[in-house]
Amino acid sequence: MVMKNNITSIFLLGFPNLQNFTFFFFSLLVLIFCGTILLNLLIMVLYQVSKTLQSPMYFFITQLSLCDLLLTTDIVPVLLHTVLYGGSSMTFESCITQFCIFIITETSECLLLSVMSYDRYVAICNPLRYHSIMSYRFCVTSVNVIWFVGIIVVLADMICISTFHFCGPHVIDHFYCDFTLLVRLSCSDTSIMFIWVLIAGFSILTGPFIVIVMSYVYIVITVLKIPSNTGRHKAFSTCSSHLIVVSIFYGTLMIVYVFPTERQTLLSKVLSLMYTVVTPLLNPIIYTLRNKDIKEAFHKFQHFFLTTHVAS
């Protein structure tokens, strides 16, 4: 695919009016970036080394961590450069690459969260058939389909973009190569593209969200039928972490993309920070702080590491 393009570089404005807050904001982003990398890697390592975490729920959590790692390494390094120097210039090809990785990870995360809600639905509403329904084959197939859908969405976007003529301007008022803002740089008629964005956005955002809502409707109905308060509390506690993650991720994403504004205001950039920078850090924190199995696996791993290190 060869694009008709007079633009050789893209300039990201980022947050141009930080003034005296530049150092504080940059330092905060560095801490978030390091924390995101370490915590998500920790979850992936714990899943590999701990026998107690070998279940469908934790398998999907590791895939969520993989999405968060890809997303944060795709967005944050460019964002750090943008904050430090008051803007960032990148080649047009690099901008397209950043956009592609962003779309794949966000699409995959939307679908992953819906599959995770289905996992909780089966565990609570149909526990006797849980292991037969949520088999290893089903989990692996689901993940393969999820990543495949993300790649298909990107390919469809690229086919559409390849038909456009980009002649300027070359400035994007954002901290990453957002799809809608990138398309607006084109001199061609992009109405078909925005129709595709509406259809894809509804399918990728609203479709999985409906699955999540329906799953939790059945979960709530089932839990309310449990006679003991202890049983109800235990059932709800297994879903609480997932509900928090879904609320943060979908809440900000839908505000930005389902109810978009013509201009990228400071509010929309802050909301974009939530699902591109903050959420990848919050996901492992929420799942580790509220999960007894992961905390126990971490203590065993820590003890094994210290014992091995002392012995050597």
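Look above for the structure.
Definitions and limits used
- Residues numbered from 1 in each chain as written.
- Predicted model: local features only at pLDDT ≥ 70, side-chain atom pairs only at ≥ 80, totals over all residues.
- Heavy atoms only, no water.
- Phe/Tyr/Trp six-rings, centres within 6.5 Å; stacked < 30°, edge-to-face > 60°.
- Helix = DSSP H or I, 4+ residues; strand = E, 2+ residues; numbered from the N terminus.
- Buried < 20%, exposed > 50% of the residue type's maximum accessible area, 1.4 Å probe, protein only.
- Lys NZ or Arg CZ within 6 Å of the ring centre and 35° of its normal.
- Lys, Arg positive; Asp, Glu negative; His and termini not counted.
- Salt bridge = Lys/Arg side-chain N within 4 Å of Asp/Glu carboxyl O.
- Contact = heavy atoms within 4.5 Å.
- Pairing = 2+ DSSP bridges.
- Disulfide = S-S within 2.5 Å.
- Axes fitted to C-alpha atoms, helices over the stretch in contact; angles between N-to-C directions.
- Parallel < 35°, antiparallel > 145°, perpendicular 65-115°, else oblique.
- Left-handed = near helix turned anticlockwise from the far one by under 90°.
- Nonpolar A, V, L, I, M, F, W, Y, C, P; charged D, E, K, R; others polar.

Participant: Just to check I follow, could you spell out the packing of aromatic side chains for this structure?
Facilitator: With the rule as written, the count across this model stands at 14 aromatic pairs. For the ring pair Phe99 and Phe179, a centre distance of 5.0 Å and an interplane angle of 15 degrees mean the geometry is stacked. Taken together, the positions of Phe99 in helix α3 (residues 92-125) and Phe179 in helix α6 (residues 179-183) put the pair 80 residues apart, joining distant regions of the chain. By relative accessible area, which is 0% here, Phe99 ends up buried. Judged by its relative accessible area of 8%, Phe179 is buried. With centroids separated by 4.9 Å and ring planes inclined at 40 degrees, the aromatic side chains of Phe102 and Tyr176 adopt a geometry described as tilted. You can see Phe102 sitting in helix α3 and its partner Tyr176 sitting in the loop between β5 (171-172) and α6, a full 74 residues away along the chain. The pair Phe102 / Tyr176 is uniform in exposure class, with both members buried. Ring pairing ties together the aromatic residues Phe15, Phe25, Phe102, Phe175, Tyr176 and Tyr275, which thus form one cluster. A cation over a ring is seen here: Lys269 above Phe15, with NZ or CZ 5.8 Å from the ring centre.

Participant: So what exactly am I meant to see when it comes to the side chain of Glu106 here?
Facilitator: Relative to the assigned elements, Glu106 resides in helix α3. Buried within the structure, Glu106 lacks any salt-bridge partner; Arg184 is the closest side chain of opposite charge, at an N-O distance of 18 Å. In contact with Glu106, other than residues within four places in its own chain, are Leu71, Phe249, Leu253 and Tyr275.

Participant: Would you mind showing me how to read the sheet that holds β5 here?
Facilitator: Strand pairing in a sheet is mediated by backbone hydrogen bonds. Such pairs are either parallel or antiparallel. What the 3 strands build is an open sheet, ordered β3-β2-β5; its pairing is mixed. Each having just a single partner strand, β3 (88-91) and β5 make up the two edges of the open sheet. Of the strand pairs in this sheet, strand β2 (residues 9-12) and β3 are connected by 4 bridges, and their pairing is antiparallel. By the bridge assignment, Ile10 is partnered in β3 with Met90.

Participant: What exactly am I supposed to notice about the state of the cysteines here?
Facilitator: As used in these notes, a disulfide is a covalent bond between sulfur atoms, one from each of two cysteines. Using the criterion set out here, one finds 1 disulfide in the structure. The residue that forms a disulfide with Cys95 is Cys177, at a sulfur-sulfur distance of 1.9 Å. Judged by the torsion about the S-S bond (-130 degrees), the Cys95/Cys177 disulfide is left-handed. Placement of the pair is Cys95 in helix α3 and Cys177 in the loop between β5 and α6, with a sequence separation of 82 residues. Comparing Cys95 with Cys177, the two get one shared label, buried. The thiol of Cys67 is not disulfide-bonded; the next cysteine sulfur, from Cys110, is found 9.6 Å away.

Participant: Quick question: what am I supposed to make of the packing of α3 against helix α7 (residues 191-224) here?
Facilitator: Packing of α3 against α7 brings their axes to within 9 Å, and their N-to-C directions diverge by 15 degrees. Of the possible angle classes, the one that applies to α3 and α7 is roughly parallel. Seen from above, α3 lies across α7 with left-handed handedness. Along the contact surface, α3 presents Thr107, Cys110, Leu111, Leu113, Ser114, Ser117, Tyr118, Arg120, Tyr121, Ile124 and Cys125, while α7 presents Ile204, Leu205, Pro208, Val211, Ile212, Ser215, Tyr216, Tyr218, Ile219, Thr222 and Val223. Considering only residue class, the contact of α3 with α7 consists of 16 nonpolar, 5 polar and 1 charged.

Everything listed here is a matter of coordinates, which is why it stays silent on function.
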